[in-house]
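Descriptive structure summary
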Amino acid sequence: DEAQIGDLDLLFYDGLISDEAEHVLLMEDPYMVVAHPGELPAGPVPVRKLDGTAMVAWPATCDQPRLEQFLARAGAEPRIVFRSAGNETILSMVRAGMGLAVLPWLAIHHVVCRACGAIHGPEGWPDLNVHELDPTPTRAIYLHWPPGRGGQSPLAARTIEVAVDVSRELAQQAPPART
C-alpha cells in the first residue's frame, strides 16, 4: 500500500507520499553494488554489466520497484534469486554466494571500511566489496509530517531539525552519484 501520514506525527519514507503531508528531502541515497572480491572489476560498475546476473534484493516495496525499473532502462535485468527486507540477511546471502546485491549506501555504509572500501562482516565473515554504479540510481529519503506545522509538538519540531542536520552530514560522506 501507499504510505500515508494518517495519525503519525512524522514519517520517514523513501519517496513522496500521496496525501497532503508537508515534507523535507533529507538526502539522495546512492545505490551501490555489493559483491565478493574479484567478482567485479575494480572501480565503478556499468549498470549493463548486471544484466542476467544473480541478485539478492529487497521485496518489491517502497523504492525497490523504481530501482529495478532504473536498471532495466539502463540495460540490465538481473535475475532476482532471493528477496528479504533485512539488510543483514541480504548481505548474508551475498556472502553465501547466492548473487550480488544492489543496496543503498545508507544500508551498508556502517560496515564499509574507509581505508579499503571492503565490507568487513561480523564474526569473521569474508569481506565483500562495494562498487559504485555508473550511472548511479538514488533513492530520495523524505521526512513527512501532517499539514499545518504550527500545531506541531516541540518534540516533532526538534526531531525534524535533528534529521535535517544528520542527513546533511551523511550526504557529505556519501559517494557522489554518476550520471
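The text that follows walks through the structure, step by step, so that each part is easy to find.

Cut-offs used in this document
- Residues numbered from 1 in each chain as written.
- Predicted model: local features only at pLDDT ≥ 70, side-chain atom pairs only at ≥ 80, totals over all residues.
- Heavy atoms only, no water.
- Helix = DSSP H or I, 4+ residues; strand = E, 2+ residues; numbered from the N terminus.
- Buried < 20%, exposed > 50% of the residue type's maximum accessible area, 1.4 Å probe, protein only.
- Contact = heavy atoms within 4.5 Å.
- Areas by Shrake-Rupley, 256 points an atom, 1.4 Å probe, with all protein chains shown as cover.
- Expected span 1.5 Å × (residues − 1).
- Arc of directions from axis to C-beta.
- Core = buried A, V, L, I, M, F, W, Y, C linked by side-chain atoms within 4.5 Å.
- Pairing = 2+ DSSP bridges.

What about the overall build of the protein?
On a plain count of helices and strands, the protein comes out with four helices and nine strands. Secondary structure elements in the protein, listed N-terminal to C-terminal, are β-β-β-β-α-β-α-β-α-β-β-β-α. Counting the 179 residues in the protein, one finds 40% classified as buried. In the protein, the share of contacts with a sequence separation of at least 24, taken over all contacts with a separation of at least 6, comes to 78%. Summed over all atoms, the accessible surface of the protein reaches about 9400 Å², with 53% contributed by carbon and sulfur.

Some words on the environment of L71
The topology assignment puts L71 in helix α1 (residues 64-73). Residue L71 is classed as buried on the basis of its relative accessible area of 1%. Along the primary structure L71 and P137 are separated by 66 residues, whereas in three dimensions their C-alpha atoms are 8.2 Å apart. The residues contacting L71, other than those within four sequence positions of it, are V47, L50, M55, A76 and P78.

Describing helix α4 (residues 154-173)
Taking 1.5 Å of rise per residue, 20 residues should cover 28 Å, and α4 covers 29 Å from first to last C-alpha, within 8% of that figure. Among the residues of α4, those classed as buried are A156, I160, A163, S167 and L170. Around the axis of α4, the buried residues are gathered within 100° of arc, so they sit on the same side. Projecting away from the buried face of α4 at angles above 90 degrees are the exposed residues P154, E169 and Q172. Elements in contact with the buried residues of α4: β1 (11-13), β2 (22-35), α3 (105-108) and β9 (138-145).

What about the nonpolar core?
For soluble globular proteins, nonpolar side chains are generally found buried alongside one another. Core analysis: the biggest nonpolar cluster contains 41 residues, and L50, L71, L100, V102, L103 and I108 have the highest contact counts within it. When residues in this core are grouped by element, the largest group, seven residues, is from β2. Non-local contacts of L50, meaning those with residues more than four positions away in its chain, are made with V33, V45, L71, A76, E77, P78, L100, V102 and L133. With five residues, the next largest nonpolar core counts A3, I5, I17 and A21 among its residues.

A look at the pairing of β9
Within a regular strand, the side chains alternate between the two sheet faces. A large share of β9 lies buried, amounting to seven of its eight residues. Both β2 and β9 contribute to a ladder of eight bridges, which runs antiparallel. Residue pairing across strands places V24 opposite L143, the latter belonging to β9.

Considering the environment of P104
Examined against the element boundaries, P104 turns out to sit in strand β6 (residues 100-104). Look at P104 and you get buried, because its relative accessible area is 0%. Through-space distance from the C-alpha of P104 to that of N87 is 9.9 Å; in sequence the pair is 17 residues apart. The residues touching P104, leaving out its near neighbours within four places in the chain, are D29, P30, Y31, W58 and R139.

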